[in-house]
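Per-entry structural report
So you can see what is in the structure, the chains are spelled out below.
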Amino acid sequence: MFLKFIFIISLSGTVHAQSAEFHGSATVQLLETMQHSQHIKLIQPLHFTDSGGDTWTTEANQVIPLNLLTDEIRLTRPLPSPFEYLKTMILFHGQVEGGRSDWRRTQAIIYEALIAEGMQEHWAKMIYAAVRAEGWRWEPLESSCFAMCHASSPSLRWRPLPDYEQLRHTLDWILIEFPSLPEIDERVEALITHTGPHIFGQ
């Protein structure tokens, strides 16, 4: 493997909003290799406690892509840099890679994780909406569906396909109207054109 460069980034302290909070620091290596272009490697575990009191852990040594959104959104709307919500990105991708949590619950905590990291509310709602519309979904490894239908596979995950024109309009609507999270969820659900590979509701 050809390694171009590696350096260490450390974000220290505990940041919080209400009862949701990250614990400790996010210390990562920025990787730029033939195999992992624009990825980071987590050096030590990162913990997040959501507003319901549940703790989500991303284990050390996970290699994580340095993005949360696709180019269709990142290149067409002036959203914050991924380094401004690095912990949230680590939290989400850690759950994707782990494959044991429910993707619905994972997506649902993205907003409060962004707020806990210090993101302004309008940016947090816009990123949350994009993740709900196009973010990774997966079948938990311990589910009966996975055991019965996908046991020979290391994982099963996919991205839904939204109507990107409508999604961009939705992000503009959030910025102007500042809707509630249930209002965002309802609008985002309506613009997803293909939900996933299963015959069951995804």
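Just above, that's the structure.
Please read all numbers here as calculations on a predicted model, not as lab measurements.

Turning to the overall build of the protein, a few remarks are in order. A tally of helices and strands in the protein yields eight helices and twelve strands. By sequence separation, contacts in the protein at least 24 residues apart represent 62% of the contacts at least 6 residues apart. As displayed, the protein has an accessible area near 10200 Å², and 52% of this comes from carbon and sulfur atoms.

Below, the discussion takes up helix α2 (residues 86-98). Relative to the 18 Å expected for 13 residues at 1.5 Å per residue, α2 spans 18 Å between its end C-alpha atoms, a close match to the ideal helical length. With eleven of 13 residues buried, α2 lies mostly within the body of the structure. Taken residue by residue, α2 has L86, K87, T88, M89, I90, L91, F92, H93, G94, Q95 and V96 as its buried positions. G99 sits one or two positions beyond α2 and adopts a positive phi of about 65°.

Right, let's talk about the packing of aromatic side chains for a bit. Under the defined criterion, the tally for this structure stands at three aromatic pairs. When the ring of F22 is compared with that of F48, the centres are 4.6 Å apart and the planes differ by 45°; the resulting orientation is tilted. Taken as a pair, F22 in strand β3 (residues 20-23) and F48 in strand β6 (residues 46-49) lie far apart in primary sequence, 26 residues in all. Take F22 and F48: they sit in the same class, and that class is buried. Relative to W138, the ring of F92 lies with its centre 6.2 Å away and its plane at 65°, an arrangement referred to as edge-to-face. Here F92, found in helix α2, pairs with W138, found in strand β9 (residues 137-138); they are 46 residues apart in sequence, far enough to count as distant. When sorted by exposure, F92 lands in the same class as W138, which is buried. Over the ring of F178 we find K125, and its NZ or CZ is 4.1 Å from the ring centre. The ring centre of W173 lies 4.4 Å from the NZ or CZ of R187, which sits over that ring.

Okay, the pairing of strand β7 (residues 55-58) next. Side chains W56 and T58 of β7 all project onto a buried face; the interleaved residues T55 and T57 project onto a face where none is buried. Here β6 runs beside β7; their pairing, made up of four bridges, is antiparallel. Among the inter-strand pairings, L46 is bridged to a residue of β7, identified as T58. Taking the residues between adjacent antiparallel strands as the criterion, β6 and β7 are bridged by five residues, where G53 takes a positive phi near 95°.

In this model, N61 sits at a positive phi of 75°, which is unusual for a non-glycine residue. Considering the arrangement of structural elements, one finds N61 in the loop between β7 and β8 (63-65). For N61, a relative accessible area of 52% translates into the label exposed. Phi at F178 takes a positive value of approximately 55°, unusual for a residue other than glycine. Relative to the assigned elements, F178 resides in the loop between α7 (164-177) and α8 (181-191).

Mapped onto the elements of the fold, E32 is located in strand β4 (residues 26-33). Note on E32: relative accessible area 16%, which makes it buried. Reaching out from E32, the side chain makes a polar contact with the backbone nitrogen of Q38 at a distance of 3.2 Å.

Calculation rules
- Residues numbered from 1 in each chain as written.
- Predicted model: local features only at pLDDT ≥ 70, side-chain atom pairs only at ≥ 80, totals over all residues.
- Heavy atoms only, no water.
- Helix = DSSP H or I, 4+ residues; strand = E, 2+ residues; numbered from the N terminus.
- Contact = heavy atoms within 4.5 Å.
- Areas by Shrake-Rupley, 256 points an atom, 1.4 Å probe, with all protein chains shown as cover.
- Expected span 1.5 Å × (residues − 1).
- Buried < 20%, exposed > 50% of the residue type's maximum accessible area, 1.4 Å probe, protein only.
- Phe/Tyr/Trp six-rings, centres within 6.5 Å; stacked < 30°, edge-to-face > 60°.
- Lys NZ or Arg CZ within 6 Å of the ring centre and 35° of its normal.
- Pairing = 2+ DSSP bridges.
- Polar contact = N/O pair within 3.5 Å; in protein donor to acceptor, adjacent residues only side chain to side chain.

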